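# Coordinates in review
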Amino acid sequence: MNAAIHETLMATELTPLIGSAVHLGKDALLSGVYATGLRELLERRGVLVFPLIRLSDEEQVRFTNTLGTLAPEMDGEPTYKVTLDTRANARADYLKGSLYWHLDGTMNKVPILASILSSKVLSPTGGDTDFCNTYAAWDALPEEEQQKLEGLRVMHSAWTSLFYYDPEPTLAKTKEMMSIGEQELPLVWRHRSGRKSLVLGCTAHHVLGMSARESTELLVRLREWATQPQFSYRHTWSVGDMVMWDNTGTMHRATPYDPASGRMLHRTKLQGEEPFE
Ligand SMILES: [Fe+2]
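What you see is a predicted model, and the numbers here were worked out from it, not measured in a lab.

### Concerning the sheet that holds strand E8 (residues 153-157)
- An order of E9-E8-E12 is seen for the 3 strands of this open sheet, with the pairing classed as antiparallel. Taken across any chain shown, the strands that pair with only one partner, and hence form the sheet edges, are strand E9 (182-186) and strand E12 (204-207). Pairwise comparison of adjacent strand axes, ignoring direction, gives a mean angle of 30° for this sheet.
- For E8 and E9, the ladder comprises 5 bridges, and the chain directions are antiparallel. Looking at E9, one finds that His156 is bridged to Gln183.
- In the packing of helix H6 (residues 158-165) onto the sheet, contacts are made with E8, E9 and E12, and the angle to E8 comes to roughly 65°.
- Against the sheet, helix H8 (residues 212-226) contacts E8 and E12, and its axis sits at roughly 125° relative to E12.

Structure representation (C-alpha cells):
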C-alpha cells in the first residue's frame, strides 16, 4: 500500500487503480476544509472509504453539504434507507436491481455526482459492495478498439434491469417499470475534464444500429472487461464505515444477502453537475 499526502489529506491506496482510504477524523471531515481535496481525490480514485468514522444521519448530511449540493430523495428526505427488507423500506423491491453492475441515474439527463453510504447493520453473510473504475477500464482498451466504440449509442431503461432478478415478470410489473422511462446514452462519456469513461450496466438494453446478437455480445464483453479484478474494489463493511463513490466514473453492485438479515445502509447523494455527453 502506498501512503500519499494529498493537500495535507492523508489517504492510502486500496488497490492501484481504484479506491483510497481516507484517514481524517470526524471534526476534520465536517469542517469542510478538506472538501476540495476530497472531491479531487474522488474523481481520481473512484471510491473513498472512511473506515469506522461513525457519522450520524445529521452529520452525514452536513458532510455531504460540504462537498456540493445534496440531492434529496423522492420523498424529500435527505437520507435513504438502503435495505432489501420491505418492512424497513416499502420500496425495497426496486433495490433488487442493485445486485447487478450499474450506475445510478441512467434515466436522468444529469446523473448524480456521488453517493455516500454509512453502514448501520451488517448481514452475517454477503452484503459487500463491489465497485469498478470505468475510467480505468476505458483507458486500458487498445486504441483501435476505442476508435470503434466512440460514437456508439446505447438505449437504457429501468425495465431492462427487471429481467435480471425477475425473468418472467407479470405484464403489470413490466408496465410499471416501463413507466419509469428510458434514455439513449453514449457508450463512451466524454467528461468536461477531457477524461472518458464507459457507460454500461444492467439498464443497458441494446446498442443502436446493431443486431441483437452483436449488441449483446458487445455489452457483455465490455461489462466483463470493465469489472476485471484490476479495475475493481470490493468493500466488506464494518458498522460505522462510510463509503463514497464517483457515480460518473464507476459502476457498483451489492453482493447477495438475506433480505431478512437486517442489513442497513444510510445513503445521501450529491446532485449531478455534468450531463451524459
Ligand atoms: Fe446503485
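The rest of the description comes next.
### Focus on the packing of aromatic side chains
- In the structure shown here, the tally under the stated rule is 6 aromatic pairs.
- Between the aromatic rings of Phe131 and Trp245, the centroid separation amounts to 5.3 Å while the plane-to-plane angle is 50°, which identifies the pairing as tilted. Taken together, the positions of Phe131 in strand E7 (residues 129-133) and Trp245 in strand E14 (residues 242-246) put the pair 114 residues apart, joining distant regions of the chain. Grouping residues by exposure puts Phe131 and Trp245 together as buried.
- With a centroid separation of 5.8 Å and 50° between ring planes, the pair formed by Trp225 and Phe231 is classed as tilted.
- Over the ring of Tyr135 we find Arg195, and its NZ or CZ is 3.7 Å from the ring centre.
- Note that Arg263 overlies the ring of Tyr257, its terminal NZ or CZ placed 4.5 Å from the centroid.

### As for the coordination of the iron ion
- Binding of the iron ion to the protein goes through His102 (NE2), Asp104 (OD) and His252 (NE2), at separations of 2.2 Å.
- In primary-sequence terms, the residues that donate to the iron ion follow H-x1-D-x147-H.

### So, the layout of surface pockets
- Roughly 330 Å³ of volume is contained in the second largest pocket.
- In terms of lining residues, the second largest pocket is bounded by 16 residues, among which Tyr164, Gly201, Cys202, Val220 and Arg223 are the most central.
- Looking at the lining of the second largest pocket, the elements that each hand over two or more residues are H6, E12 and H8.
- With 4 residues, H8 is the largest single contributor of residues to the lining of the second largest pocket.
- Among the residues forming the lining of the second largest pocket, the class breakdown is 9 nonpolar, 5 polar and 2 charged.

### What to know about the environment of Lys175
- Within the secondary structure, Lys175 is located in helix H7 (residues 171-178).
- A C-alpha to C-alpha distance of 8.3 Å links Lys175 and Trp159, two positions 16 residues apart in sequence.

### Quick notes on the pattern of salt bridges
- Within the structure shown, the criterion is met by 16 salt bridges.
- Glu73 is the partner of Arg267 in a salt bridge, and the nearest nitrogen-oxygen pair spans 3.0 Å. Of this pair, Arg267 sits in strand E16 (residues 264-270) while Glu73 sits in the loop between helix H3 (57-67) and strand E5 (80-82); the two residues are 194 residues apart in sequence, bridging distant segments of the chain. An identical accessibility class is assigned to Arg267 and Glu73; each is buried.
- Glu145 is paired through a salt bridge with Arg221; the nearest N and O atoms lie 2.9 Å apart.

### Examining helix H2 (residues 35-45)
- Burial in H2 covers these residues: Ala35, Gly37, Leu38, Leu41, Leu42 and Arg45. The buried side chains of H2 occupy one side of the element, clustering within an arc of 160° when seen end-on.
- Looking one or two residues past H2, Gly46 carries a phi angle of roughly 80°, positive in sign.

Rules and cut-offs
- Residues numbered from 1 in each chain as written.
- Predicted model: local features only at pLDDT ≥ 70, side-chain atom pairs only at ≥ 80, totals over all residues.
- Heavy atoms only, no water.
- Pairing = 2+ DSSP bridges.
- Helix = DSSP H or I, 4+ residues; strand = E, 2+ residues; numbered from the N terminus.
- Axes fitted to C-alpha atoms, helices over the stretch in contact; angles between N-to-C directions.
- Contact = heavy atoms within 4.5 Å.
- Phe/Tyr/Trp six-rings, centres within 6.5 Å; stacked < 30°, edge-to-face > 60°.
- Buried < 20%, exposed > 50% of the residue type's maximum accessible area, 1.4 Å probe, protein only.
- Lys NZ or Arg CZ within 6 Å of the ring centre and 35° of its normal.
- Donors = N, O, S within 2.8 Å, 3.2 Å for Na, K, Ca; no water.
- 1 Å grid on protein atoms, 1.4 Å probe; cavity = no way out; pocket = protein on both sides within 12 Å on 5 of 7 lines; lining within 4 Å.
- Points joined across faces, edges and corners; volume = space filled by probe spheres on them.
- Nonpolar A, V, L, I, M, F, W, Y, C, P; charged D, E, K, R; others polar.
- Salt bridge = Lys/Arg side-chain N within 4 Å of Asp/Glu carboxyl O.
- Arc of directions from axis to C-beta.

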